[in-house]
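Working through the structure, step by step
Below, each chain spelled out in residue letters.
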Amino acid sequence: MSAPLGAGAAVSTLASATGAVDVLATRHAYVAFAVLLCIGLYMMIANPNLVKKIIGLNLFQTAIFLLFIASAYVDGGSIPIVPTGGPEGGLYVSPLPHVLVLTAIVVGVSLTAVGLALCIRIYDEYGTLRTDTLRELLRDEGSIPSRRSPGASGADGAVESPETGGEADD
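As the structure is a prediction and not an experimental result, all values here were calculated from the model.

What counts, and where the lines are drawn
- Residues numbered from 1 in each chain as written.
- Predicted model: local features only at pLDDT ≥ 70, side-chain atom pairs only at ≥ 80, totals over all residues.
- Heavy atoms only, no water.
- Helix = DSSP H or I, 4+ residues; strand = E, 2+ residues; numbered from the N terminus.
- Buried < 20%, exposed > 50% of the residue type's maximum accessible area, 1.4 Å probe, protein only.
- Contact = heavy atoms within 4.5 Å.
- Salt bridge = Lys/Arg side-chain N within 4 Å of Asp/Glu carboxyl O.
- pLDDT = per-residue confidence, 0-100.
- Axes fitted to C-alpha atoms, helices over the stretch in contact; angles between N-to-C directions.
- Parallel < 35°, antiparallel > 145°, perpendicular 65-115°, else oblique.
- Nonpolar A, V, L, I, M, F, W, Y, C, P; charged D, E, K, R; others polar.
- Core = buried A, V, L, I, M, F, W, Y, C linked by side-chain atoms within 4.5 Å.

Looking at the overall build of the protein
A tally of regular secondary structure across the protein gives five helices and zero strands. In sequence order, the protein lays out its α and β elements as α-α-α-α-α. Counting across all 170 residues of the protein, residues that qualify as buried make up 16%. Here the analysis covers contacts within the protein between residues at least 6 apart in sequence; of these, 42% occur between residues at least 24 apart.

Comments concerning the pattern of salt bridges
Counted by the stated rule, this structure contains three salt bridges. A salt bridge links Glu-136 to Arg-139, with the shortest nitrogen-to-oxygen separation between them at 3.4 Å. Of this pair, Glu-136 and Arg-139 both sit in helix 5 (residues 131-141), separated by three residues, roughly a single helical turn.

Observations concerning the confidence of the model for the protein
Per-chain confidence: the protein averages 81 in pLDDT, with 75% of residues scoring 70 or above. Taken as a whole, residues 165-170 scores under 50 in pLDDT and shows 15 contacts with residues more than four places along the chain or in a different chain.

Points about the environment of Leu-118
Mapped onto the fold, Leu-118 is located in helix 4 (residues 96-126). For Leu-118, a relative accessible area of 51% puts it in the exposed group. Along the backbone, Leu-118 and Leu-50 are 68 residues apart, and their C-alpha atoms lie at a distance of 9.6 Å.

Looking at the packing of helix 3 (residues 50-71) against helix 4
Between helix 3 and helix 4, the least distance of the axes is 10 Å, while the angle of their chain directions is 180°. By the angle class used here, helix 3 and helix 4 are roughly antiparallel. Residues that form the contact of helix 3 with helix 4 fall into these classes: 16 nonpolar, six polar and no charged.

Quick word on the nonpolar core
In terms of nonpolar packing, the biggest core is built from five residues, these being Leu-50, Ile-54, Cys-119, Leu-129 and Leu-134. In this view, Cys-119 contacts Leu-50, Val-51, Ile-54 and Leu-129; residues no more than four positions away in its chain are not counted.

Shown next as structure tokens:
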């Protein structure tokens, strides 16, 4: 007699869960990649402070670097330098991902420096680095249009700006 249908599905689910745990246990770099990526993305979206957003961007970039390096790993691979008269066959590691990551690190450091310099300039000008406060200050200053109010729309749905009397873009 055969086993009930539910028992076979439970054994299959248990085997796939065990396989997933084994993969995660042996692939630490991919787990670190996922954690860093999620933390960096969350910091960029949820934090109102501009410096914390830059830190989140750096974590996100680091996760991408880790993904490139981890995916370039070759078990048992050697450096791609073949001596003259040496064996030409063998397993070699591609240097391209490492070169790309080195270039991306330089770009990332430059981006961080420019972002922090802008933060210094913004803080000197407005006295805050919180995005919500900056947005309100810019609205009061007139640099960006005021928020649309539900009762302010005209017959065609256009919103009139109180400062200019024209349409507001938000």
